[in-house]
Amino acid sequence: MQQLWVAKENKKKERIVKGSDLLDVVFSWSVLDVLNSNLYKGKVEKIPNTFPSTREYLESFVNPLIEETHAALLSSMETLRRAPAFKFREIKPAKDFKAPKNLYYEVTLEIVLDNTTNGARKQLEVNDLIVVTDKRPIRIDDLRCSNEPYLLALVCHVDEDFPHLITITASKPIIYFEDVYTKTKKKGEVVRKHLSLYGVYLINMMTNIRIWTALHPNPEGGNLNLISRVLQSNNEVDGGSCVACKENSESVVSHHLALMLRSFKLNLSQEEAILHCLEARSCYHCNTIKLIWGPPGTGKTKTTSVLLLNLLKMRCRTLTCAPTNIAILEVCSRLVNLVSDSLRFYGYGLGDIVLFGNKERMKIKEREDLFDVFLDRRVEKLENCFLAVTGWRANVNLLICLLSDPNEVYKQYLVNKECQEKDNKYCVNETRLSFAEFIQERFNILRNELQNQFPTLCLHLPTALLSFRVAEKMYQANDLLRGFAISDVMVSGKSCHGRLKENGRFEIDTRKQDCVKMLTSICESIELPDFLGKFTLKRLCLEHAYLLFCTASSSAKLHMSSPIQLLVIDEAAQLKECESAIPLQLPGLQHAILIGDEKQLPAMIQSKIASEADLGRSLFERLVLLGHNKQLLNMQYRMHPSISIFPNREFYDMKILDAPSVRLRSYEKKFLPEKMYGPYSFINIAYGREQFGEGYSSKNVVEVSVVAEIVSKLYSVSRKTGRSISVGVISPYKAQVFAIQERIGEKYNTEGTFTVSVRSVDGFQGGEEDIIIISTVRSNGKGAIGFLSNQQRTNVALTRARYCLWILGNEATLTNNKSVWRQLVDDAKARNCFHDAEEDESLAQCIERSTTALDDLNKLQNKKLISFENSIWKVWLSNEFLKSLETFVDSEINKRVMSFLEKLSNGKELLQQEDEIESEYLLRQEEIDDGLSLIWAIDIFKKNNHHIQVLKIWQVLPSSDVSRATEHLEKHYKRYTKVKIKRCRYICSQGDLVVPMRWPVDSNSCLKKDIVNDVSRSFALLSVVEEETVTPEPIKKQVKLKKVWKIRRKVQLSTSNSKDPK
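Report on the accompanying structure. (Residues numbered from 1 in each chain as written. Predicted model: local features only at pLDDT ≥ 70, side-chain atom pairs only at ≥ 80, totals over all residues. Heavy atoms only, no water.)

Moving on, we get to the overall build of the protein chain. Within the protein chain, the secondary structure is distributed over 38 helices and 35 strands. Every one of the 1062 residues in the protein chain was classed for burial, and the buried ones make up 51%. For the protein chain, restricting intrachain contacts to residue pairs at least 6 apart in sequence, the fraction spanning at least 24 positions comes to 75%. Within the structure as shown, the protein chain displays about 52300 Å² of accessible surface, and the carbon and sulfur contribution to it stands at 50%. (Helix = DSSP H or I, 4+ residues; strand = E, 2+ residues; numbered from the N terminus. Buried < 20%, exposed > 50% of the residue type's maximum accessible area, 1.4 Å probe, protein only. Contact = heavy atoms within 4.5 Å. Areas by Shrake-Rupley, 256 points an atom, 1.4 Å probe, with all protein chains shown as cover.)

This paragraph deals with helix H26 (residues 734-744). Every α-helix carries 3.6 residues per turn, so stepping three or four residues along brings you back to the same face. Considered for burial, the residues of H26 that qualify are Ala735, Gln736, Val737, Ala739, Ile740, Arg743 and Ile744. Positive phi appears at Gly745, one or two residues downstream of H26, with a value of about 65°.

The contact between helix H9 (residues 300-313) and helix H10 (residues 325-340) brings their axes to 9 Å, and the two run at 55°. By the criterion of interaxial angle, the relationship of H9 to H10 is oblique. Seen from above, H9 lies across H10 with right-handed handedness. In contact with Thr301, Lys302, Thr304, Ser305, Val306, Leu308, Leu309 and Leu312 of H9, H10 contributes Glu330, Val331, Arg334, Leu335, Leu338 and Val339. (Axes fitted to C-alpha atoms, helices over the stretch in contact; angles between N-to-C directions. Parallel < 35°, antiparallel > 145°, perpendicular 65-115°, else oblique. Left-handed = near helix turned anticlockwise from the far one by under 90°.)

Below, the discussion takes up the pattern of salt bridges. Tallied over the entire structure, the rule returns 30 salt bridges. One salt bridge connects Arg638 with Glu768, and the closest N-O pair in it is separated by 3.0 Å. Of the two residues, Arg638 is situated in the loop between strand E18 (635-636) and helix H23 (641-651) and Glu768 in the loop between helix H27 (761-764) and strand E25 (769-775); the sequence distance between them amounts to 130 residues. Classification of Glu768 by relative accessible area gives partly exposed; the value is 32%. With a closest N to O distance of 2.9 Å, Arg778 and Glu690 form a salt bridge. (Salt bridge = Lys/Arg side-chain N within 4 Å of Asp/Glu carboxyl O.)

Moving on, we get to the sheet that holds strand E23 (residues 725-731). One open sheet holds the 6 strands; their spatial order is E24-E23-E25-E26-E20-E27, and the pairing between them is parallel. Across the chains shown, the open sheet's two edge strands, defined by having one partner strand only, are strand E24 (754-760) and strand E27 (834-836). Shown here is a sheet whose adjacent strand axes are inclined to one another by a mean of 20°, direction ignored. Strand direction decides the pairing type here: strand E20 (residues 680-684) and E27, joined by 3 bridges, are parallel. Looking at E27, one finds that Asn684 is bridged to Asp836. Contacting E23, E24, E25 and strand E26 (801-809), helix H25 (residues 701-721) crosses the sheet at an angle of about 150° to E26. (Pairing = 2+ DSSP bridges.)

Most of strand E8 (residues 198-204) sits out of view: 6 of its 7 residues are buried. Note that strand E1 (residues 85-93) and E8 share 3 bridges and pair antiparallel. Residue pairing across strands places Lys87 opposite Tyr198, the latter belonging to E8. Direction of pairing for strand E3 (residues 128-133) relative to E8: antiparallel, over a ladder of 6 bridges.

Moving on to helix H20 (residues 577-584). Burial analysis of H20 places 8 of its 8 residues in the buried class, the great majority of the element. What H20 keeps buried is the set Glu577, Cys578, Glu579, Ser580, Ala581, Ile582, Pro583 and Leu584. Where H20 is buried, its residues meet helix H3 (54-59), helix H5 (206-215), strand E10 (318-322), strand E15 (566-570), strand E16 (591-596) and helix H22 (619-625).

Moving on to the environment of Gln600. Within the secondary structure, Gln600 is located in the loop between E16 and helix H21 (608-612). When its relative accessible area of 8% is taken as the criterion, Gln600 is described as buried. Once the C-alpha coordinates of Gln600 and Gln792 are considered, the two residues, 192 residues apart in sequence, prove to be 4.5 Å apart. Residues contacting Gln600, with those up to four places away along its chain left out, are Gly294, Pro295, Pro296, Tyr652, Gln765, Gln792, Asn795, Val796 and Arg800. A distance of 3.1 Å separates polar atoms of two side chains, one belonging to Gln600 and the other to Asp597. (Polar contact = N/O pair within 3.5 Å; in protein donor to acceptor, adjacent residues only side chain to side chain.)

The next point concerns the packing of aromatic side chains. For the structure shown, the criterion picks out 25 aromatic pairs. Judged by centre distance (5.4 Å) and plane angle (55°), the ring pair of Phe345 and Tyr475 falls under tilted. Linking Phe345 in the loop between H10 and strand E11 (353-355) with Tyr475 in helix H16 (residues 468-482), this pair joins segments that are 130 residues apart in sequence. Judged by relative accessible area, Phe345 falls into the buried class, the value being 10%. Relative to Trp999, the ring of Tyr986 has its centre 6.1 Å away and its plane inclined at 90°; by these criteria the two rings are edge-to-face. Highlighted residues: Tyr986 in the loop between helix H37 (978-985) and strand E33 (989-990) and Trp999 in strand E35 (residues 998-1000), separated in sequence by 13 residues. Members of the aromatic cluster, connected to one another through ring pairs, are Phe345, Tyr346, Tyr348, Phe468 and Tyr475. (Phe/Tyr/Trp six-rings, centres within 6.5 Å; stacked < 30°, edge-to-face > 60°.)

Our focus in this paragraph is the packing of helix H4 (residues 62-78) against H5. At a closest axis distance of 11 Å, the pairing of H4 and H5 adopts a crossing angle of 170°. On the basis of the axis angle, H4 is roughly antiparallel to H5. Where H4 approaches H5, its residues Val62, Leu65, Ile66 and Thr69 are matched on the opposing element by Asn208, Ile211, Trp212 and Leu215.

Quick look at the side chain of Gln451 now. Along the chain, Gln451 falls in helix H15 (residues 435-460). Side-chain polar atoms of Gln451 contact the side chain of Arg482, separated by 3.1 Å. Each residue touching Gln451, except ones within four places of it in the same chain, is listed here: Asn478, Leu481 and Arg482.

Our next topic: the sheet that holds E8. Taken together, 6 strands build a closed barrel; the order of strands is E1-E2-E5-E4-E3-E8 and the barrel is antiparallel. Strand-to-strand twist in this sheet, taken as the mean axis angle between neighbours without regard to direction, amounts to 45°. Of the pairings in the sheet, the one linking strand E2 (residues 104-109) to strand E5 (residues 165-170) comprises 5 bridges and is antiparallel in character. Counted as the bridge partner of Tyr105 is Ile168 from E5. Where H4 meets the sheet, its contacts fall on E3 and E8, and the angle it forms with E8 comes to roughly 135°.

Another point: the pairing of E2. Pairing geometry for E1 and E2, over 5 bridges, is antiparallel. The residue bridging Glu90 from the neighbouring strand is Thr108, located in E2.

Let's shift gears to the side chain of His947. Tracing the backbone shows His947 in strand E32 (residues 946-958). A polar contact of 3.3 Å, which involves the side chain of His947, links it to the side chain of Arg983.

This part takes up a positive patch on the surface. Together, Arg81, Arg136, Arg139, Lys971, Lys974 and Arg975 make up a positively charged patch on the protein surface. Structurally, Lys971 is set in helix H36 (residues 962-973). (Patch = residues over 30% accessible without salt bridge, like charges linked within 9 Å, V, L, I, M, F, W, Y side chains within 5 Å. Lys, Arg positive; Asp, Glu negative; His and termini not counted. Charge placed at Lys NZ, Arg CZ, Asp CG, Glu CD.)

Following this line, the structure appears as structure tokens:
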């Protein structure tokens, strides 16, 4: 068995090498290639709907996958400044280093105690693509390593116990110097120069490498049976009814199973879908793929979990996978809840279910309900049971000896004690335990150990390795041991022992003998070795489990495992077809069940070129396009009928029925009194302002304010009535999501009765809340709505609410475009569900405040140097500050910020902070509220012929980001001359005020005689000062460098001339 596993592992390594083909392509790109978004334009062909052969099917995905990898790398370059950087402490060639191809290096990273500088990434992972640089990069020009302008590397190994020890394979040789010495200028001391190399995280290539490997299967023995069934337009792919199975007179699905399904209160369409799949599973004559179509709210996850429960009872080895960790965790959780109700003997049977994957990305620590089925935790628990000295078998054998002959065990203890005393003179004075003390101590230890180990074995071992009868004996043995008194144990098993019963009769006590027999039987029944390591335990758990759960990408780990009979893909319409090729090639696989809805969001694709080539299309969607049969789940249980009617008509041709539970009058809930807050409303925001936010994404600050106002009103209702309310806010645009999150903050998530979740449409797929508020953002005269017109995205957004759906949007913009949104607005009007926001007085006031504040902000953006009424300091606003201010328009935070700036500009607030201003640091921090801080400084502004002291306002940002921002800004101030720094720190107090100073431009000192202190006049202006704004000129270092270079060049030339033989 072990030899077979080693052989499989070697084959696995050979397969992984094929992923290096993709890596070679990535390593071949120069910086200019990476930055060229059109590098593969015209070279990526559209993926066809049908294929003549398996080879052409797999090859059709290769170029789109390369382009998608290229797009991901390009995207990472755009955020290079924020990329996590890991400092190399040591680097050396690995054992398998062999130039020019196998450039493997062993790297020791600096251990970072505070990981805030690395963002969300605390450590590097396997298949992380990094760029090796001489310094932390801020721009593309910084991607230099020694003489190389661009050096990539892939992390191919991370030590499990010491994650700062990694192995990388590099695109080019890394030139480094282990012993570099340099002399200090003053003392001439010889010191060692530290290694200055960084590994900067770009992207993780794990999934793409696995896809690449699946697209290049082993020609000697890959399982391509299912893939060969999906090449053509052939309705037989769904199996229909197998002829051979039809000839069999026995029913494939028993009457008992049909009755059992009814106990789960499924509707007819759900029952039919499950029975259809179970029939296919029992067929051994042909390979089939079944499609289950699950529109929003139709109980898709419940149907899947009941199907899996039946497959578990049929002992069918099944893999369930999904595109994302969130999706697979949800279906696994549902299944575990179903199974847990019927478990006995410490949860015996749960070992047949295993969930595996990256515990950090899965956030397993937050999913206590899945602890018992997660592979890594299971192995940790079982490892303690399979230790040679303290494992379960060793403890059982010791307990058998103790119960059988306690006197003999005690004698052995005394002999051992004497030997210890002879060998160690310090043990002489240690007291020996009496017989009773020894028996009590030894028995309690062994009993407690088995009270933990037996339940662990029952809970975590697959039933194929631990029978039901053995689990029952373990339970009974622990029950017997709990009832033992020490006096019962001290009596030798050979002597007669009895006890007095309640009826006064005396009987012989056989409990000890029964327990010994039971423990002996347990030992004989389990054939596993006494010692098992983590690797072997992990393999045993995976090979003997009946239900396995992981992402589609992680299923690559099962290619060397025991055969899988059936594949279930949940959220199949969100899985790229090329990615589904990973699980579809698993050994032994005969049937697959795809569960999804092609009317909802497809897979996310970064490259426009790859998207146009249909890389994001799923196998589910392509089979539907070819006319393959799909089993429809036709009854929805989520939405109030007023909400479901439009998407049902628009996307599902009225095929979906509303369940009786959502048609009840009690399902209609009123949260706010105004008419516009009914079950379904379109709320027209006529005066919205569409802007560009971060990353060219759109946002609408007026809609942000309206959302904040509605959420505030709902919160007040919840607090007054104690009513539990969950609110979801959805927007198609990331900038809008961020703006709403910044505005709302965390203040509503402190109590369990009221929750707010703000996410993009993509982030909300599969989710639901009591109330959904949609912010459509777009507000322009052109009718341009961008990717808001995507019907799949619209469908997801409209189908997340249970009781109330309120859509915020600009009627004129949305109806000026021939898209689904025009139909939506017209439908709302026809149903009297269309409302102007001004109908609610509080919203009208909110919109007015927002538009006024935006007008003021526009003035600020036009003139960045401002003055307040009766102020003596001018205020210089940075672009970052103005951007951050947009988020807080028409809010209490905005008022606090402007109030503080006004106080600061009158000079009194500066006097209170005089001690801080005179410190070595230029930057100051003011807390605006519990979670936000304002960064400011005294700076120098050039106007006309003078340098003037002004207040430079840098940014309003979350307090947790302050350290990173100040670190970046300190680099900015390092470019200032010493004189300029002194002028920034110069303080002039007049009475209870600090007044701004100015110096002539031609002055190079900071002496008192050079100061012209007539700047302290009052600026009697309330808004923007109408004056010319001059940006301080940067220090012209380049000119100086050119001069130095010319001088050095002349010296070199003269030196070379002097050595000329002439």
